[in-house]
Amino acid sequence: MTSANTLSNIASALLSGSVKVVDLTAPLGPDTPVLYLPPQFGKNTPSVKVHTISEYDENGPFWAWNWLELGEHTGTHFDAPSHWITGKDHKGNTTDTIPPQNFVAPVNVIDRSKEGAANPDYLLTVESIKEWEAEHGEIEAGSWVVLRTDWYKRNGSTETFLNADENGPHSPGPTAEAIEYLLTKNIIGWGQETIGTDAGSAGGMNPPFPAHNLMHKANKYGLASLCHLDELPAKGAILIAAPLKFVKGTGSPVRALALVSK
Ligand SMILES: O=C(O)C(=O)c1ccccc1S
Ligand SMILES: [Mn+2]
């Protein structure tokens, strides 16, 4: 089958509804939870602010529009390699220079929702990934790997989403070894449903924040605060995640979507 036939078939399937579009994106606005870093780690990103310019009024009789104060790493968002010191020197490492071919790719969904429900500090291991591959097939080069934990259901409030106590945040993510293993597969990026692409305990890992440190060191990408991974198959979906073309951007809120066979 030629690529032209393939595209034509996708177009027909989208129009017929036999391929559906799943929205993997959280609502974005002033109530969107933002990451809290303890003072010893540095400054924090502000929340989203919406400033009305006009609303069919004396400031604009026939139109409504706003301007925003919006962090690059807010809500469902894309992490570019320049976001981390380990990725700062790569070519094509910012939101405006990443090759657009990389914004559409197959996605592997590792479902550890039961484990995450039982233990908010659940960490995905190499062994667990290999068990997943034995059941669903090898993770292919150039694909995304995302961790389903159903954590997005907590995204209604900062308290439940960050899930922090006096010892820090408690939320699932990968071990450093798991990310190292996925990089041997030459994946394009790592994603999950929590506020960032690392576990809540990642600040104390080696290296600290391994999903950021190692993925961006390899000039690979991250996706954070994904939603509705429970609507995706383990394999077979196509992930579309195109960051805004911020000049020298380290990341960007995205409308993450998946194409799924009905
Ligand atoms: O990239 C992010 O949004 C994120 O999770 C993060 C940002 C800055 C510092 C640490 C982390 S862990
Ligand atoms: Mn980020």
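Residues numbered from 1 in each chain as written. Chains lettered and ligands numbered in written order. Predicted model: local features only at pLDDT ≥ 70, side-chain atom pairs only at ≥ 80, totals over all residues. Heavy atoms only, no water.

The name that an unreviewed UniProt entry assigns to the protein chain is Cyclase family protein, with the source organism given as Rhizobium setariae.

Draft legend 1. Here's a closer look at the overall build of the protein chain. From N to C terminus, the protein chain includes six helices and 15 strands. Here the protein chain has a C-alpha radius of gyration of 19 Å; the compact-globule value for 262 residues is 18 Å, and the two agree. Overall size of the protein chain, expressed as C-alpha extent along the three principal axes, is 65 × 55 × 40 Å. A separation of at least 24 residues holds for 73% of the contacts in the protein chain among residues at least 6 apart in sequence. Per element, the accessible surface of the protein chain, about 13300 Å² overall, is 57% carbon and sulfur. On the protein chain, the mean spot of the 19 positive side-chain charges and the mean spot of the 29 negative ones are 6 Å from each other. (Helix = DSSP H or I, 4+ residues; strand = E, 2+ residues; numbered from the N terminus. Rg over C-alpha atoms; globule rule 2.2 N^0.38 Å. Contact = heavy atoms within 4.5 Å. Areas by Shrake-Rupley, 256 points an atom, 1.4 Å probe, with all protein chains shown as cover. Lys, Arg positive; Asp, Glu negative; His and termini not counted. Charge placed at Lys NZ, Arg CZ, Asp CG, Glu CD.)

Draft legend 2. Broad picture of the environment of Val 146. Along the chain, the position of Val 146 falls in strand β7 (residues 144-148). Classification of Val 146 as buried rests on a relative accessible area of 1%. Sequence separation between Val 146 and Pro 207 is 61 residues, and the spatial gap between their C-alpha atoms is 20 Å. For Val 146, the contacting residues outside a window of four places in its chain are Val 107, Asn 108, Val 109, Ile 110, Gly 191, Leu 226 and Leu 229. (Buried < 20%, exposed > 50% of the residue type's maximum accessible area, 1.4 Å probe, protein only.)

Draft legend 3. Inspection of the site of ligand 1 at higher detail. What surrounds ligand 1 is the set Leu 35, Leu 37, His 73, His 77, Asp 79, His 83, Trp 84, Gly 196, Phe 209 and His 212. The contact in question runs from an oxygen atom of ligand 1 to an N or O atom on the side chain of His 77, over 3.2 Å. Burial of ligand 1 by the surrounding chains reaches 84%, relative to a free accessible area of 320 Å². (Near = heavy atom within 4 Å. Polar contact = N/O pair within 3.5 Å; in protein donor to acceptor, adjacent residues only side chain to side chain.)

Draft legend 4. Expanded view of the side chain of Ser 171. Along the chain, Ser 171 turns up in the loop between β9 (168-169) and β10 (173-174). Setting aside chain neighbours within four positions, we find Ser 171 in contact with Pro 120, Asp 121, Trp 151, Thr 194, Ala 199 and Gly 200.

Draft legend 5. Region of the structure containing the pairing of strand β12 (residues 221-224). Of the two faces of β12, the one holding Tyr 221 and Leu 223 and the one holding Gly 222 and Ala 224 are both buried throughout. Both strand β4 (residues 77-79) and β12 contribute to a ladder of three bridges, which runs antiparallel. Looking across to β12, one finds that Phe 78 is bridged to Leu 223. Note: strand β11 (residues 189-192) against β12, three bridges, orientation parallel. Its bridge partner lying in β12, Trp 190 is registered against Gly 222. In this fold, the crossover linking β11 to β12 by way of helix α6 (residues 210-217) has right-handed handedness. (Pairing = 2+ DSSP bridges. Right-handed = clockwise from strand over helix to strand, strands pointing away.)

Draft legend 6. Here's a closer look at the nonpolar core. Ranked by size, the top nonpolar core spans 24 residues in total, and within it Leu 24, Phe 78, Val 107, Trp 144, Leu 223 and Leu 232 carry the most contacts. When residues in this core are grouped by element, the largest group, three residues, is from strand β5 (residues 104-111). Those residues in contact with Leu 223, other than ones at most four positions away along the chain, are His 77, Phe 78, Trp 144, Trp 190, Gly 191, Gln 192, Thr 197, Leu 239, Ala 241 and Val 254. Judged by nonpolar contacts, the second largest core, of 19 residues, contains Ile 139, Val 145, Ile 187 and Ala 234. (Core = buried A, V, L, I, M, F, W, Y, C linked by side-chain atoms within 4.5 Å.)

Draft legend 7. Fine view of the pattern of salt bridges. This model, assessed by the stated rule, comprises eight salt bridges. With its nearest N and O atoms 3.1 Å apart, the salt bridge here joins Lys 185 to Glu 133. Remark: Glu 133 occurs in helix α3 (residues 126-136) and Lys 185 occurs in the loop between α5 (176-184) and β11; sequence separation between them is 52 residues. Taking relative accessible area as the criterion, Lys 185 reaches 15% and is therefore assigned buried. Classification of Glu 133 as buried rests on a relative accessible area of 10%. Between Arg 148 and Asp 150 there is a salt bridge whose closest N-O contact spans 2.8 Å. Of the two residues, Arg 148 and Asp 150, neither departs from the other in class, the shared state being buried. Members of the salt-bridge network, linked through shared partners, are Asp 111, Arg 148, Asp 150 and Lys 153. (Salt bridge = Lys/Arg side-chain N within 4 Å of Asp/Glu carboxyl O.)

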